[in-house]
Structures are given as C-alpha cells and as structure tokens.
Amino acid sequence: VTTMEGQLLQSIDAEKDPAKKLVLLEDFAKKFPNHEAVTWVLSHIQQHYLTTKQYDKVLEAGMKSLSVDPTELSAAHNCLKAVEALKDLNLVRLWSTQTWQLARRNLQLKKPEFGDDNDVAEWKQKLEYARQVEQYTEYALYFASLQSKDPKVKSNFIELLEQRNPMSEYLAQMRTAHTTVVRQVDIEEAVAAAETQFSKGE
C-alpha cells in the first residue's frame, strides 16, 4: 500500500506547473518534517524561491534544510547566492564562511570502500561539486569587496580570503582594487584639504 508521503511525492514529481508544485512541496515539508525525503523537498522549495528572486524565503528554506541535514552544501550555496543578490556584505561574509566550511568538510568524504560503481560516481560528483562551491565562496568575497567603497571593508575581505586560501586567484585582483580605492580616498582628502586652504586664503 502506498503511503500518504509516497503519494504526495509522486504528485510532486508529476506536477509540471511550478506554482502548483510549490504548494505540494510546502505541504509535504509541513506535514512530514522528519521524512527522509524532506531535504530533497526543501532543496526544490529553495531553488524555486531563488529562481523567482524571493531571497528572504531562500534563506528561510536553506536554514530549515541545514537544520535537518547540517551537511547539505547546496542549501548553504543557495543562501550565499541570495545574500549576494541582496548586497548584504555582512551576510555575504557569514554565508561565504559557512559554505566554505561545508565544502571543505565534503571534500574530506572518503571513497566508498564497498560501494558499487554508482556509489563511487556519486562520491566523485560530490567532490567535484564541493570543489566548485569552495571556489565560488572565494569569488563571493572578491565580488563583495568590489561592492564597497570603504577601504576598511575591502581590507577585511582581503584578510579573510588570505586566511582561507593564500593562493586564491582572486587575491591579486582584490589588492589592485583596494589600492585604487585607497589612492582615490587619499586624492579626495587632498582635494578637500586644498579646498579648505583655498577658502581660508580668500
């Protein structure tokens, strides 16, 4: 006999309309929060909100997913994308770090000793995905540093990336951008000082 959970999962799988599918997904997450398929369900909910640019709901679904499975890397990755879109630099720093830590943990997954070819293929996919996400977290710091005109904020992002990966391809670009901003600030301050002197001289 097919269970209620099984029937609902079949309905979700068969539904082609994104809005109707979302209703079914959220219904499942509410009714069966401890079911083994709930991370799969939450992942689809989160992806829907990311596609429709409802970034607060992306974070909500991501945090639910991570509370069920703290190793769910895609949930953290999507949360990072959401806070980037919101241009919240503090949250970018936070989610970049959390996502990076998860990616590092996934990179340490051991190759299945007694698994079949499918298990090994899945393990390889997880490692490749973790590598890509790890690199993305570095890019996120680089991109965030470009969003700020505050030399201190830029400097903080550079330090964070240096601690994380001193060999990162983004470090040199970040340093160049940082030097440009510092020079710009110096020039602006020099111009302001000159204007003050000039107005005093009048």
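The structure contained in this document is the topic of the report that follows. All values derive from a computational prediction rather than experimental measurement.

Our next topic: the overall build of the chain. When helices and strands are counted, the chain shows nine helices and zero strands. For the chain, the residues scored as buried account for 35% of the 202 residues in total. For the chain, the proportion of contacts with a sequence separation of at least 24, taken over those separated by at least 6, is 53%. Here the chain displays about 12,700 Å² of accessible surface, and carbon together with sulfur accounts for 53% of that area.

You will see that Lys53, though not glycine, has its phi angle at about 60°, which is positive. Within the fold, Lys53 resides in the loop between α3 (38-51) and α4 (55-68). Residue classification places Lys53 among the exposed positions, given a relative accessible area of 60%. Even without glycine at this site, Lys87 takes up a positive phi of about 60°. Along the chain, Lys87 turns up in the loop between α5 (73-86) and α6 (89-107).

Turning our attention to the packing of α6 against helix α8 (residues 151-164). Where α6 contacts α8, the axes come no closer than 12 Å and their chain directions differ by 0°. It follows that α6 is roughly parallel to α8 by the angle criterion. Residue-level contacts link Leu89, Arg93, Ser96, Thr97 and Trp100 of α6 to Val153, Asn156, Phe157, Leu160 and Arg164 of α8.

To continue, consider the pattern of salt bridges. Scanning the entire structure with this criterion turns up four salt bridges. Note that Arg104 is salt-bridged to Glu134, the shortest N-O span being 2.7 Å. Taken together, the residues span a long stretch of sequence, with Arg104 in helix α6 and Glu134 in helix α7 (residues 117-147) at a distance of 30 residues. A salt bridge links Arg175 to Glu162; the shortest N-O distance between them is 2.4 Å. Placement of Arg175 in helix α9 (residues 171-201) and of Glu162 in helix α8 is noted, with a sequence separation of 13 residues between them.

A few words on the environment of Ala61. Mapped onto the fold, Ala61 is located in helix α4. Expressed as a C-alpha distance, the spacing of Ala61 and His44, which sit 17 residues apart in the sequence, is 9.4 Å. Excluding its chain neighbours within four sequence positions, the residues that come into contact with Ala61 are Leu42, Ile45 and Gln46.

Let's shift gears to the packing of aromatic side chains. Per the stated rule, a full pass over the model turns up six aromatic pairs. Here Phe28 and Phe32 contribute two aromatic rings whose centre-to-centre distance is 5.1 Å and whose plane-to-plane angle is 55°, an arrangement assigned as tilted. Consider the rings of Tyr136 and Tyr139, whose centres lie 5.9 Å apart with planes at 55°: the pair is tilted. Here the residue Tyr136 and the residue Tyr139 both occupy positions in helix α7, the gap between them amounting to three residues, near one helical turn. Among the residues examined, Tyr139 registers a relative accessible area of 30% and is labelled partly exposed.

Relative to the 20 Å expected for 14 residues at 1.5 Å per residue, α5 spans 20 Å between its end C-alpha atoms, a close match to the ideal helical length. Counting buried positions along α5 gives ten out of 14 residues, so the element sits mostly inside the fold. Within α5, burial applies to Leu73, Ala75, Ala76, His77, Asn78, Cys79, Leu80, Ala82, Val83 and Glu84. Immediately downstream of α5, the backbone of Lys87 shows phi near 60°, a positive value.

Rules and cut-offs
Residues numbered from 1 in each chain as written. Predicted model: local features only at pLDDT ≥ 70, side-chain atom pairs only at ≥ 80, totals over all residues. Heavy atoms only, no water. Helix = DSSP H or I, 4+ residues; strand = E, 2+ residues; numbered from the N terminus. Buried < 20%, exposed > 50% of the residue type's maximum accessible area, 1.4 Å probe, protein only. Contact = heavy atoms within 4.5 Å. Areas by Shrake-Rupley, 256 points an atom, 1.4 Å probe, with all protein chains shown as cover. Axes fitted to C-alpha atoms, helices over the stretch in contact; angles between N-to-C directions. Parallel < 35°, antiparallel > 145°, perpendicular 65-115°, else oblique. Salt bridge = Lys/Arg side-chain N within 4 Å of Asp/Glu carboxyl O. Phe/Tyr/Trp six-rings, centres within 6.5 Å; stacked < 30°, edge-to-face > 60°. Expected span 1.5 Å × (residues − 1).

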